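What follows is the residue order along each chain.
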Amino acid sequence: MNGEPIIDVRGMTKRFGDRTVVDHVDLTVRAGEIFGFLGPNGSGKTTFLRMLCGLLRADDGSGTCLGHDVITESEAIKREVGYMTQRFSFWEDLSIAENLDFVARMYDVKNRRQTVRKSLEQLGLAGRKDQLAGQLSGGWKQRLALAACLIHKPKLLLLDEPTAGVDPKARRDFWDEIHHLAGEGLTVLITTHYMDEAERCHRLAYIAYGKLLTHGAVDEVIGNERLTTWSVSGQDLAKLTEQLRARPGVEQTVAFGNMLHVSGGDAAALEQGIAPFRTDQYEWRQVESGLEDVFIHLMDKSKDNSLS
Amino acid sequence: MARFRAMLAKEFIQMRRDRLTFAMMIGIPLLQLILFGYAINADPKHLPAAILVADQGPEGRTLFSALQNSGYYDLVRRVQSEAEGRDLLARGKVQFVINIPENFSRDFIRGDRPALLVEADATDPGTTGNAIGSLSTALNTALQNDLKGPLESLAANDGPIDLRVHALYNPEAITHYNIVPGLMGVVLTLTMILVTGLAITRERERGTMENLLSMPTRPIEVLVGKLVPYILVGYVQVTLILLAARFLFNVPMFGSLLLLLLAAALFIVANLAVGITFSTIAQNQLQAMQMTFFFFLPSLLLSGFAFPFRGMPHWAQAIGEVLPLTHFVRVVRGILLKGNGIGNIAPELWPIALFAAVAMFIAMKRYRQTLD
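K.L.:
Hey, could you run me through the domain arrangement of chain B in this one?
P.N.:
A common way to report how large an interface is uses the accessible area buried once the components associate. All names here are of chain B. Along its sequence, chain B is carved into domain 1 (47-168) and domain 2 (174-366). The gap between the C-alpha centroids of domain 1 and domain 2 is 39 Å. Facing 16 residues of domain 1, the contacting portion of domain 2 comprises nine residues. Interface area for domain 1 against domain 2, summed over the two sides, is near 1,000 Å², with a carbon-plus-sulfur share of 50%. For domain 1, the biggest contributors to the area lost against domain 2 are Ala90, Arg91 and Thr123; these three give 45% of the whole. For the pair domain 1 and domain 2, the interface holds one salt bridge. With a shortest N-O distance of 2.9 Å, Lys338 and Asp121 are connected by a salt bridge. Counting across the interface, domain 1 meets domain 2 through seven residue pairs in polar contact (both at pLDDT 80 or more). Elements with a contribution of two residues or more to the side of domain 1 that touches domain 2: β1 (47-53), α4 (82-90) and α6 (125-133).

K.L.:
Even after reading the chapter, I still don't get the domain arrangement of chain A, so can you show me in this structure?
P.N.:
Residues and elements named next belong to chain A. Segmentation of chain A into domains returns domain 1 (5-216) and domain 2 (227-307). With centres defined by C-alpha atoms, the gap from domain 1 to domain 2 works out at 36 Å. Taken together, the eleven residues of domain 1 in the interface contact seven residues of domain 2. Across the interface of domain 1 and domain 2, roughly 850 Å² is buried in total on both sides, 82% from carbon and sulfur atoms. When residues of domain 1 are sorted by the area they lose upon contact with domain 2, Met195, Tyr206 and Tyr209 head the list and together hold 58% of the total. In this assembly, domain 1 and domain 2 are joined by zero salt bridges. Here domain 1 is connected to domain 2 by zero residue pairs in polar contact (both at pLDDT 80 or more). Among the elements of the structure, α7 (195-198), β9 (203-208) and β10 (211-216) are those that each provide at least two residues to the side of domain 1 that touches domain 2. In terms of residues, the side of domain 1 that touches domain 2 owes the most to one element, β9, which gives three residues. Here the side of domain 1 that touches domain 2 is composed, by residue class, of nine nonpolar, one polar and one charged.

What counts, and at which threshold
Residues numbered from 1 in each chain as written. Chains lettered and ligands numbered in written order. Predicted model: local features only at pLDDT ≥ 70, side-chain atom pairs only at ≥ 80, totals over all residues. Heavy atoms only, no water. Domains from an automatic or database assignment. Contact = heavy atoms within 4.5 Å. Buried area = accessible area lost by both parts, 1.4 Å probe. Salt bridge = Lys/Arg side-chain N within 4 Å of Asp/Glu carboxyl O. Polar contact = N/O pair within 3.5 Å; in protein donor to acceptor, adjacent residues only side chain to side chain. Helix = DSSP H or I, 4+ residues; strand = E, 2+ residues; numbered from the N terminus. Nonpolar A, V, L, I, M, F, W, Y, C, P; charged D, E, K, R; others polar.

Quick look at the structure:
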């Protein structure tokens, strides 16, 4: 992807009292990109999105969003951004059609009636358009929210954990839709907790404790971290976990069902560390580090930094 | 028992966290104690009275000092004509005009029972009732001293003077003539502040505010768009009360209804501004309701709607003068019962306008275009 930068910001900072929630985050997202924004709860993802679309005033930072100054021109940015909030934020006591119509009016959409009708048809909700939004299930609410965010044909979509609490089938449909939209040139910045969703992004960034720890394509993010991972299976992995954690070279152990991922930054030290346990009792196999291994590693590292 | 104690502990923790509710639970009883205990007095004294003196005889002075001594009357000014006296009554500047006609002393001494005319602003029968009731006793007692010697025989008859009380605007002392017009202001205060407070905090509580703010709107569009429906609701209320006043309670309507509707617009705006201000402070709908009540209580008690304004101590009157309801109650009663025109109600309109402007300024200052 080498499109023009849609989001290009430097040093974005937000403090609430003496707590720095977003700490000098630089980010560039290019046109047509699906950019995943990952990080644990409370890491500052939502705050960052809100600063981008003018819902929160940044305490520091500069740059552009859709070519407009991100600090001073939030009115212009709002017109071209579709922002989907984490919690369903449309009017539950309005019907589906009324919600879409209201949003269309707020954005001064041309040919409003037609646009709303088309949106209802695409949603597959034309037959239920008079149903109150509050009566919809989680999956349908999410689809309505997406349709409403798209009604003014934004150039940038900011999606804040759009798939939280949505069943796997609806999640997959949702992602298909996102890829379809990106194919048409829409730029998407999406926050998520799910690793499978992270892997569906063209590029991603990982944020923890307000700091941007890494960014790039999935394989770049994994490669940059130079993490070696072994997978082990066998009896009583809980006991093994405790024993491994005490070993030098073992930086983290993560349980994956009947397997345990054992990782460390120094491949040689890790191999020495696990050597005493490579018995018949366990089956060891070196595997490629996954995103989850990398993110947990990143988070532990930054926790150590923020504590020291 | 353990679960009961757990429940108890949880409730106390939550009560302590919700500072505003806690403050209200303590604050509202305190407010009620102070207002009912110190401010409200159903037997108002020291009511302002104007005097119109056409006779310079000594009996006039005796009467004036008798009125002053009764405690009910404060002779605050002297007027030159009946018309001037009527004007003061219409504007509510004085409660009474006491008229001592020409040749009062001469007729008195002759035993001709001269007339003493007392005109009262009786819109609120509760304010004037006791003062009027005390009148004849006070006057007769005072004149006892003058009825010594040759005049003694006068005291025996119907009384030495012919006391004529004109209870203006509400001659039959019908309480609902006073209450029903005032109620219009009370109803508007409560509903206008409450609904605007709730309308905006509801958006915040349900999370839809974030959505609204992410759209390219100006605060003025959001606020005005939110308020106009409630202005209409306010007018529905005004109409209902006017219809009830007319057809159920036969309240007289001497003034211009158009003027009343215009004054109501100003009053509604003032209350909506208070509602918005509350909604910018309140975190949720419950707090908005509590704040409304906290504002409504003094309005109800100190405005002169429920209790005589002039019966209250000065500090309470000072607070009352700030509240828009106080002035609106006077406007409505003035227009309906007294037939007041714009000239007479203007002194009550500008305080409402000032209040509205200040409240609107605070509301605009506090209304956030962001979630900060």
